[in-house]
Amino acid sequence: AAAERQRGNNDLSRLKSLHRRIPRSPCGEGQLVFIRPTALLPRRRRLERLFLTSSFLLIPHLFPSLFFSFPFLASADYNTLLSSSRHAHLHARIAPSHARKSTMSATTQQVHGAISALYGQNPAQQREANDFLVAFASTPEAWETSLQLVGTPEPSVRYFGANMLYGKVKSDWSGLPEAHRGQFVAAVSQQLQALSAKPDSVLAARRLCLVMAAAATRSGADATTALVQQALDLAGQGDATGGVSVTGLTLALEIQAAVAEEVNDTDRAARSTLVNVLIPRLIEVLGLSESVLDAASSPDAAHGMSGLRAAALHAALAWLRLDQRGGGGMVLSPGQLAQSRGGLMRGAIAALAADDTAVVDAAAEFVIAALSPGAAETTEDASAVGAIVSALLGHRPAAMAGAEAEDLARAVCRVAVAVSERDVVILVRPDAHPDSLGLTDMVLALAEAHERPVMEAAADYFLMLNTMPVADRHHQLGEPLFKRLVAACLRRATLPLDFTIWDDAEEDRDTFMRFREQILADLLDNCYGMMRSRYLVEIGVALAGASTWQAAEAAVFAARAVSVPVKQHVLNTRASASDFAASGGAEAGRGGIDLAAADRQESNAFLGQLFARVGEAGSAATSGQGAAGGVFTSHPLVMESTARMVGAYAAWLGQAGAGSACVPGSVAYLLAALRVPEAFRHAAQGFRNVCARCAVHLQAPELLGRLMDSAEACMPAAPPPAMAGAAGSGGAGAEGEDDRAAIVEGLARVIASLPSATAAAEAG
C-alpha cells in the first residue's frame, strides 16, 4: 500500500489528465485502489455507494490523507461462512489484545475485535476477520451491533458501524420488522445528534445521513418528506451563542443530498411517487444552498461557512436532478433557476475562484449541469446564459494571474465549453454580444497562458465554434483567431527543453502522446480547415525559426497532424468552389474554383520545399554528415517524428507532380532513420508506405538495385529494443510483430509493380 501511495504521488499529471474518471473494474481480495480526492469529487458519495455492494468497509483514517482507500472484499456464501467453525474461535484469538472493558455485548465485542484485526498487520487474521465481518453483516444481529459500534470511542469503529448500518438498510430493509423501523430511525437520529458534536466523527455522521435517507425513501413518501423537513429544521438551529450552526448546516445539506440521490436510485414506480411529493419543496430546499453560498461570500461569514460551499452545491445539484425517468436531467432550465434562486448560480460562478479544489470542482459541475439539456427551454434562458457569460468574464484577471490560477482557468474553460455546447449560435453569430466575443478571446488567452490541462479543457470550445459555417460567424472568429490557436498548439506540443528520455522526465509519456495525438491533432485539423495553405505557411515559419530540436519536432508533428485533410484537398483536383468554401470557409466569396486551385498550388509548393529539405537531410545522414541535415537530423526524436510524417504523406509523394521528385530523397531519409533505434519503427512503416504508394517511381533497375542494397544494409539482425526516449520506438510492434517485416513488404511492393514477371524475377 505504501508503494502504491508513493507511485500515485509520482503520477499526478497522469491522474489529472484522465478527466477524473473513476476506476470501475473490480480488484481481487485484499487489493487497494488509491484515488486522489480530486478524482472522487464531486462523485464521492455515489462512488461509496457503488463500492458498498462488494464491501462494507472504508478505512476512515485514510480519508484525510492524500488518497482514499477502498478494500474490495471478495464475495462469499454468508451462511456457509457464518457456520464455519473457524469463526467460532476468531474472537478467542483476536479479542484478548484488543478487547476493552465496556457495556458492549459479547457479539459487539467480537465484531469490535474483528475490526481491530482487519486494521492490523497480520494478513491471515485480516482475511479471517474480513470473512467473519462479511458473514456477520447479513445476520439480524447486525442491526443492533452496528448501532452499538457507532457509540464506541474509536472514530474508525464508529465509521465502520455506520457503514454497516447503511449496507443493512440498502440490502435488508424489508427484513426489519415494520414495528421496529420507527425505533430504528429514532435511534439513528439520536446517534447522529451525538456524533455531530464530535469533530472526529464527521465521516461517521455523514454515513448516518445516508442511513436515514435510505430508510426514509424505503418507508414511503411521508417518511421522506418528514426527513426533508427535519433537515430544514436542523439547518435553522443556531449554535450555543445564537449564531449559525455550521455543524447543523453540514448535516442538513448531507441529508438533503442523500435523500435526492436515494430517490433517483429507487425503482421507477417508487421514484415517480417520491419525486411527485418532493418537487413542490424544490425551491424551499434550494434556498438553503443559496443561503449558504450567500453567507460564505460575506466578509464576516462564520468560521467554516466557506467550506460548506461544496456540500451546498452538491445538495442543490442532487435536487435539481430529481427526475421521474431517472435520467438525471435538470428539472429547471437556466432561466427558471435564475428567476427562482438566482443566488445559486451567482454563488456557484463566484466559487470557481475558491482556494479549495473541491469547491472549484463542485462549482464547475453545478454550472455545467445547469447549462446541459434537460428542462424545457424558456424565453428567459437566453438572458440567463448571457449573465453566466458575463460573470465568467469577471474571472479573467484572476485566471490570468500565473500558475497558481490554473484551477480557476481550467474551470472557466470547462464552463465555457458547456455554454458553447448549449448554444454556440449566441457566441458566433454576426451580431454577437461583445461579452460573447470576449468569452472566446478569454478562453484562447487562458489556453495560451497556462499549461496543458487548461488547453485540454478549452479544446472542445474551439471545436464547437467550427461547427458553424464561416458565413454565419462574426468576422472576429475567422482566420486570425485560428492563427493564434495554431501557435498555442505548437507551444503545447513541444517537449520540455530539459527533456532527455521519458524515464527521467516529469512528463508522463502516455499522457503527453494522448494529448498530442487526440486533442491537439483535432484542434490543428480544425485550424487547417479554416486556414488551408496559410496553415502550412505557419508551420514552415515555425520550422525555419526553430532554435531547439524540441521546437522542430513539434512543428513536424503539426505538419503530420493535418496530413489527411491536406492530401484530400491537394489531390482532389476536381474540387468545386462550394467544396472549398465549405471546408476552408473564409474564402467563400473570393474566388471559386480559381481560388481553390491557387490554394492547392501554394500547398503543393510548400510540401515540395518541405520534402526537398527532408531529402537533403537524408542524403547528408546517409553520407555520414548528419550535422549537415539541419533540423531534420538534429535529434533522434526529430528523426522519428519526421519518418512518421514521410509515411503519412506517402500518397502525396506518389501522386502529385511535385511529390514524385521528392521520392528518392524521402526514401533516403527513411533508410537513414532505420539506423536510429528511436526512429526504427516509424521509419520501417514509412518505408513500406512510400514503397507501396510510390512504386512506379522506384522501378528503374539501377535505383531499385541501390534501394535493395541499402535496405539490406540497414536491416538489423534483431528488432531494436524499445527506447525510453521515443513515443513508439523499438522494432517490436504492438502484438510482438517484427517491424523489420515492413521493410521486406515495402521492397516486395516495388518488385510486384514491375511491368513484367521476368523483370520482377530478375529483380528478386
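(A) Region of interest: the overall build of the protein chain. Secondary structure assignment for the protein chain yields 41 helices and two strands. Taken over 764 residues, the protein chain has a buried fraction of 52%. A separation threshold of at least 6 residues defines the contact pool for the protein chain, and within that pool the share at least 24 residues apart is 73%. Total accessible area on the protein chain stands at roughly 32,400 Å², and carbon and sulfur atoms take up 53% of it.

(B) Region of interest: the nonpolar core. Formed by 198 residues in total, the largest nonpolar core has its most connected members in Phe 184, Trp 319, Phe 366, Tyr 535, Phe 611 and Phe 687. The contact partners of Phe 184, leaving out residues within four places of it in the chain, are Trp 143, Leu 147, Leu 165, Val 169, Trp 173, Leu 176 and Val 211. Ala 114, Ala 137, Leu 149 and Phe 160 belong to the second-largest nonpolar core, a separate cluster that totals 15 residues.

(C) Representation of a negative patch on the surface within the structure. A cluster of acidic residues, Glu 421, Asp 460, Asp 522 and Asp 525, forms a negative patch on the protein surface. Structurally, Asp 525 is set in helix α28 (residues 509–531).

(D) Region of interest: the state of the cysteines. Under the counting rule described, the total for this entry stands at zero disulfides. Not part of a disulfide, Cys 527 finds its nearest cysteine sulfur in Cys 489, a span of 5.4 Å. The thiol sulfur of Cys 691 is not disulfide-bonded, and the nearest other cysteine sulfur, from Cys 694, lies at 8.1 Å. Exposure remark for Cys 691: the relative accessible area of 0% places this residue in the buried category.

(E) Here's a closer look at the pattern of salt bridges. Under the defined criterion, the tally for this structure stands at 28 salt bridges. A salt bridge links Glu 290 to Arg 341, with the nearest nitrogen and oxygen atoms 3.0 Å apart. Linking Glu 290 in helix α17 (residues 282–296) with Arg 341 in helix α19 (residues 334–351), this pair joins segments that are 51 residues apart in sequence. It is possible to trace a salt-bridge network through shared partners that takes in Arg 396, Asp 441, Glu 448 and Arg 484.

(F) Just helix α9 (residues 123–136), in detail. Taking 1.5 Å of rise per residue, 14 residues should cover 20 Å, and α9 covers 20 Å from first to last C-alpha, within 8% of that figure. Within α9 the residues assigned to the buried category are Glu 128, Ala 129, Asn 130, Asp 131, Phe 132, Leu 133, Val 134, Ala 135 and Phe 136. The opening residue of α9 is Asn 122, an N-cap whose side-chain oxygen sits 3.0 Å from the backbone nitrogen of Ala 124.

(G) Representation of the packing of α28 against helix α30 (residues 549–561) in the model. Running from N to C, α28 and α30 cross one another at 70°; their axes reach a closest spacing of 9 Å. The angle between α28 and α30 places the two elements in the roughly perpendicular class. Judged by the sense of rotation from one axis to the other, the crossing of α28 with α30 is right-handed. Counted together, Arg 516, Glu 517, Leu 520, Ala 521 and Leu 524 of α28 and Glu 553, Ala 554, Phe 557, Ala 558, Arg 560 and Ala 561 of α30 form the full contact between these two elements.

(H) Structural context of the packing of aromatic side chains. What the rule picks out here adds up to 11 aromatic pairs. Aromatic pair Trp 143 and Trp 173: ring centres 6.4 Å apart, planes at 65°, arrangement edge-to-face. Here the residue Trp 143 occupies a position in helix α10 (residues 141–150), and Trp 173 occupies one in the loop between α11 (155–172) and α12 (178–195), the gap between them amounting to 30 residues. Aromatic side chains Tyr 461 and Phe 462 sit 5.7 Å apart centroid to centroid with 85° between the ring planes, which places their arrangement in the edge-to-face category. Each member of the pair, Tyr 461 as well as Phe 462, carries the same accessibility label: buried. Grouped by ring-pair contacts, the aromatic residues Phe 499, Trp 502, Phe 512 and Trp 549 constitute a single cluster. The side chain of Arg 452 reaches across the aromatic face of Phe 515, ending 5.7 Å from its centre. Looking at Arg 516, its charged tip hangs above the ring of Phe 557, at a distance of 4.5 Å from the centre.

(I) Region of the structure containing the side chain of Ser 533. Take Ser 533: it is sitting in helix α29 (residues 533–544). Take Ser 533: its relative accessible area is 3%, and that puts it in the buried class. Look past the residues within four positions of Ser 533 in its chain and what remains in contact with it is Asp 599, Glu 602 and Ser 603.

(J) Structural detail: the packing of helix α18 (residues 309–320) against helix α20 (residues 357–371). Where α18 meets α20, the closest approach of the two axes is 8 Å, and the angle between their N-to-C directions is 25°. Judged by the angle between their axes, α18 and α20 are roughly parallel. For the crossing formed where α18 meets α20, the hand is left-handed. Contacts from Arg 309, Ala 310, Leu 313, Ala 316, Leu 317 and Leu 320 of α18 reach α20 at Ala 358, Val 359, Ala 362, Ala 363, Glu 365, Phe 366 and Ala 369. Considering only residue class, the contact of α18 with α20 consists of 11 nonpolar, no polar and two charged.

(K) Structural view of unusual backbone geometry. Unlike most non-glycine residues, Arg 532 shows phi in positive territory, near 55°. Within the secondary structure layout, Arg 532 lies in the loop between α28 and α29. Accessibility expressed as a relative area gives 6% for Arg 532, which makes it buried.

(L) Region of the structure containing helix α21 (residues 381–393). Along its 13 residues, α21 runs 19 Å from first to last C-alpha, staying within 8% of the 18 Å computed at 1.5 Å per residue. Residues of α21 that are buried in the fold lie against α19, α20, α22 (396–399), α23 (406–422), α24 (425–428) and α25 (434–449).

(M) The arrangement of the environment of Gln 601 in detail. Topologically, Gln 601 is positioned in helix α33 (residues 592–622). Judged by its relative accessible area of 58%, Gln 601 is exposed.

(N) The environment of Ala 596, seen in detail. Within the secondary structure, Ala 596 sits in helix α33. For Ala 596, a relative accessible area of 0% corresponds to the buried category. The spatial distance from the C-alpha of Ala 596 to the C-alpha of Val 570 is 9.4 Å, given a sequence separation of 26 residues.

(O) Summary view of the environment of Ser 547. If you trace the backbone, Ser 547 turns up in the loop between α29 and α30. Sequence separation between Ser 547 and Val 631 is 84 residues; the distance between their C-alpha atoms is 9.0 Å.

(P) Just the confidence of the model for the protein chain, in detail. Of all residues in the protein chain, 78% have pLDDT values of 70 or greater, and the mean over the chain is 82. The low-confidence segment residues 584–591, where pLDDT is below 50, has 14 contacts with residues more than four positions distant or belonging to other chains.

The rules behind these values
- Residues numbered from 1 in each chain as written.
- Predicted model: local features only at pLDDT ≥ 70, side-chain atom pairs only at ≥ 80, totals over all residues.
- Heavy atoms only, no water.
- Helix = DSSP H or I, 4+ residues; strand = E, 2+ residues; numbered from the N terminus.
- Buried < 20%, exposed > 50% of the residue type's maximum accessible area, 1.4 Å probe, protein only.
- Contact = heavy atoms within 4.5 Å.
- Areas by Shrake-Rupley, 256 points an atom, 1.4 Å probe, with all protein chains shown as cover.
- Core = buried A, V, L, I, M, F, W, Y, C linked by side-chain atoms within 4.5 Å.
- Patch = residues over 30% accessible without salt bridge, like charges linked within 9 Å, V, L, I, M, F, W, Y side chains within 5 Å.
- Salt bridge = Lys/Arg side-chain N within 4 Å of Asp/Glu carboxyl O.
- Lys, Arg positive; Asp, Glu negative; His and termini not counted.
- Charge placed at Lys NZ, Arg CZ, Asp CG, Glu CD.
- Disulfide = S-S within 2.5 Å.
- Expected span 1.5 Å × (residues − 1).
- Polar contact = N/O pair within 3.5 Å; in protein donor to acceptor, adjacent residues only side chain to side chain.
- Axes fitted to C-alpha atoms, helices over the stretch in contact; angles between N-to-C directions.
- Parallel < 35°, antiparallel > 145°, perpendicular 65-115°, else oblique.
- Left-handed = near helix turned anticlockwise from the far one by under 90°.
- Phe/Tyr/Trp six-rings, centres within 6.5 Å; stacked < 30°, edge-to-face > 60°.
- Lys NZ or Arg CZ within 6 Å of the ring centre and 35° of its normal.
- Nonpolar A, V, L, I, M, F, W, Y, C, P; charged D, E, K, R; others polar.
- pLDDT = per-residue confidence, 0-100.

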